[in-house]
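# Per-entry structural report
The lines below spell out each chain.
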Amino acid sequence: MFNFVLKRLAIAIPTILILIVLSFMLMFAAPGGPFNSERPLPPQVLANLEARYGLDQPYWKQMSDYVVNVVTRFDFGPSFQYRDRTVTDVIMQGFPVTLTYGFWSFVVAVIVGVSLGVVAAIKHNTWLDYVAVGISVGAQVLPNFVMAPILVLVFTLWLGWLPGGGWQGGQWQYLILPVIALSTSYMASIARITRSSMLEVLNAGFIRTARAKGLPTWRIILGHALKPAMLPVLSYLGPAFVLMITGSVVIDVYFSTGGIGQFFVNSAFSRDYAVIMGITILVGVLTILFNLVVDVLYAWIDPKIRY
Amino acid sequence: MYPDKTTAAGLVDAAHLAEVQGRSLWKDARQRFMRNKAAVAGLVALVLITLFAFFGGFLAQWSTEEIDWPLMGNVAQAGGPSIANGHYFGVDELGRDLYARTVQGTRISLLVGFVGAAIAVIVGTLYGAIAGYFGGRTDGVMMRIVDILMAIPFMFVLILMLVIFGRSILMLFIGIGLISWLDMSRIARGQTLTLKNKEFVEAAIAIGVRPMTIILRHIVPNLLGLVIVYATLLVPTMIITESFISFLGLGVQEPATSLGALISAGAGQMQYGVIWQLAFPLFFFIVTLFAFFFVGDGLRDALDPKDR
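Residues numbered from 1 in each chain as written. Chains lettered and ligands numbered in written order. Predicted model: local features only at pLDDT ≥ 70, side-chain atom pairs only at ≥ 80, totals over all residues. Heavy atoms only, no water.

### Some remarks on the overall build of chain B
Where we set the bar: Where helices and strands are cited, they refer to DSSP runs of H or I of at least four residues and of E of at least two residues respectively, numbered from the N terminus. With the radius of gyration taken over C-alpha atoms, the globule rule is written as 2.2 Å times the number of residues to the power 0.38. Relative accessibility thresholds used throughout: buried, under 20% of the residue-type maximum; exposed, over 50%; partly exposed, between the two (1.4 Å probe, protein chains only). Any two residues whose heavy atoms approach within 4.5 Å at even a single point are treated as in contact. Reported accessibility uses the Shrake-Rupley method at a 1.4 Å probe radius. Residues are deemed covered only where the shown protein chains occlude them.
The number of helices and strands found in chain B is 13 helices and zero strands. Along chain B, from the amino end to the carboxyl end, the secondary structure elements read α-α-α-α-α-α-α-α-α-α-α-α-α. Relative to the compact-globule value of 19 Å for 308 residues, chain B shows a C-alpha radius of gyration of 25 Å, a clear excess of over 25%. Each of the 308 residues in chain B was classed as buried or not, and the buried ones make up 49%. Sequence separation of at least 24 residues holds for 72% of the intrachain contacts in chain B that already meet a minimum separation of 6. Carbon and sulfur atoms provide 65% of the accessible area of chain B, an area that totals close to 14,700 Å².

### Observations concerning unusual backbone geometry
All names here are of chain A. Here Asn125, not a glycine, exhibits a phi torsion of approximately 65°, which is positive. Residue placement: Asn125 occurs in the loop between helix H4 (87-122) and helix H5 (127-140). Backbone geometry at Ser256 places phi at a positive 50°, although glycine is not the residue there.

### Notes on the packing of aromatic side chains
Any aromatic ring pair is given by two values, namely how distant the centres are and how the planes are angled relative to each other. The condition that has to hold: Two rings belonging to Phe, Tyr or Trp (six-membered ring only in the last case) form a pair when the distance between their centres is within 6.5 Å. Interplanar angles under 30 degrees mark stacking, angles over 60 mark edge-to-face geometry, and anything in between is tilted.
Going through the model one piece at a time under the given rule, you end up with 19 aromatic pairs over all chains. The interplanar angle of 90° and the centroid separation of 5.8 Å between the aromatic rings of A:Phe106 and A:Phe290 together place this pair among those described as edge-to-face. One end of the pair, A:Phe106, is in helix H4; the other, A:Phe290, is in helix H11 (residues 273-301), with 184 residues separating them in the sequence. Between B:Phe114 and B:Phe292 the ring centres are 5.9 Å apart and the planes differ by 65°, which places this aromatic pair in the edge-to-face class. Taken together, the residues B:Phe114 in helix H6 (residues 98-134) and B:Phe292 in helix H13 (residues 276-303) connect sequence positions 178 residues apart. On the basis of relative accessibility, which here comes to 2%, the residue B:Phe292 falls in the buried class. Clustering of aromatic rings is evident, with ring pairs tying together A:Phe145, A:Tyr254, A:Phe255, B:Phe244, B:Phe247 and B:Phe285.

### Quick look at the packing of H11(A) against helix H8 (residues 154-165) of chain B
Heads up, the condition is: Interaxial angle, 0 to 180 degrees, is taken between N-to-C directions of lines fitted to C-alpha atoms, where a helix line uses only the stretch in contact. Here is the rule for angles: anything less than 35 degrees is roughly parallel, anything more than 145 is roughly antiparallel, 65 through 115 is roughly perpendicular, and the remaining ranges are oblique. Crossing handedness: left-handed means the near helix sits turned counterclockwise from the far one by under a right angle, and right-handed means the same turn made clockwise. Throughout, the ten residues Ala, Val, Leu, Ile, Met, Phe, Trp, Tyr, Cys and Pro are labelled nonpolar, Asp, Glu, Lys and Arg are labelled charged, and all others, Gly among them, are labelled polar.
Two numbers describe how H11(A) lies on H8(B): the axes approach to 10 Å, and their chain directions differ by 165°. Judged on the interaxial angle alone, H8(B) and H11(A) are roughly antiparallel. Taken as a pair, H11(A) and H8(B) cross one another with a handedness that is left-handed. Of the residues in H8(B), those touching H11(A) at A:Tyr273, A:Ile276, A:Met277, A:Ile279, A:Thr280 and A:Val283 are B:Phe156, B:Val157, B:Leu160, B:Val163 and B:Ile164. The residue makeup of the contact of H11(A) with H8(B), split by class, is 10 nonpolar, one polar and no charged.

### A few points about the confidence of the model for chain A
Note the cut-off: Each residue gets a pLDDT score, which is the predictor's confidence in that residue and runs from 0 to 100.
Within chain A, residue pLDDT values average 81, and 94% of them lie at 70 or more. Helix H2 (residues 43-52) of chain A is the least confidently modelled element of chain A, averaging 77 in pLDDT, while helix H8 (residues 205-212) of chain A averages 88, the highest of any element.

Written out as structure tokens, the structure reads:
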């Protein structure tokens, strides 16, 4: 087990470094510098500014400085757009928001998705099954940027039940629509995966044995079938996490929740490369770590995996 | 009953008989596909949408850029769908004809979907086939690269690229294509691993065919069924990706448009009661995706030997 984790880390760490270097190279290739403005600065001022931010250093020195700063101090440098703040400040402001509704979306997607899938599998080929499959097929063509306007249209404009945006420190009314919009399509995928793997497990010999010795259905499902049926779901959680982080960009933009997605898109429009890179790297690192956790969990749960 | 193969006429008969009885893989697949009602309905819908996207413009009474000035300040009351003034789908917030713009948006979304999927399929299949065929250390290195790239959040890198190199459809094609070949390469590699031990590959090696020729002539054609299935399922993913980026305003630039950009514009306007601006693009978006998913599922049932 220890060796397995080490081996995974041995892949994860170079991946993170490659991501950082790649983003740096992309940014360096961009035309124009951070201090190019409509009104050209006097050469001496420009030189001083560049010296202050280390931009007069050679390419390799700048790159290694950037990588070292990011890795050792989580320091992504100053933001070009918000002159008085560093990228880390910007991220720290938005990240708790993203984390809050991201966490709830994840919980909702997993709980609702798994229950829907399990019910559909137990009631295979009944109307319950068809309803569950219908929901998951429908949700496939409703990605979050389609879901968000539809939800606002129905619950805010027509029914007037819930606010159509804002955050207000994360009160529950402001949380509901973003969480639904973000979790729908992942919930559907999780339901579909759970259903098919549950169907497979329910046909297995050990389930027949459990039935034969007269266990009640709920004990068969919870005690015997659920754990092996969860394995494919577990391996989907890695990609789902990535998609959810990506989807949070839409949620932030549409609901004005103020998470990192909003800063990301604002920075994309104002060409604030430092913030874009910082967020890209943060998301990349989170993704890699999350995949690592999923891999380890998978190896831990699945007895068939030898490491 | 059976033709007598000793006479010339009998031989011709036998040849005919063999011809009649021959059932190719493709014919088999076509029959299975045709039995799947959802898939056929999806295919019909897809043909209709493609016709709409490429020829629907001829029915439009307005161009995509013309502004209907009398309607412009009065969109919520007078800008709705109407046959009388030639705006079948109404007008957008600037008084431009939404029918013409939906045609254009559907066309661009379909193009992005197809081109993105094509790039992904070509790059992914070749990469996977080469890695799988050569095996050993080459395979190890190539697939490790794929593993590493897969861990990178590409939506963010794509947006970073669009910001740095300027937003254009070409950049969008390249970026989306770059994201999506990774899955394809894994699938192609897996299939190549089983194919390369088959007799016909052995025979080709024995008569001294060069490795790249074996890959292109013997491996890739045998991957075709699988590739087609995944390509059909890739197109809607590409369309979603493009729409996602256009929804954020980072994709296709005005005056060009795509379904994602139209949905975004419609969603931004809907509190003024101009619901048609969201409804029509959304309808085409959803129908297109549904159609692709159904056709993809049908093709998978028809072509993928695993699920039979």
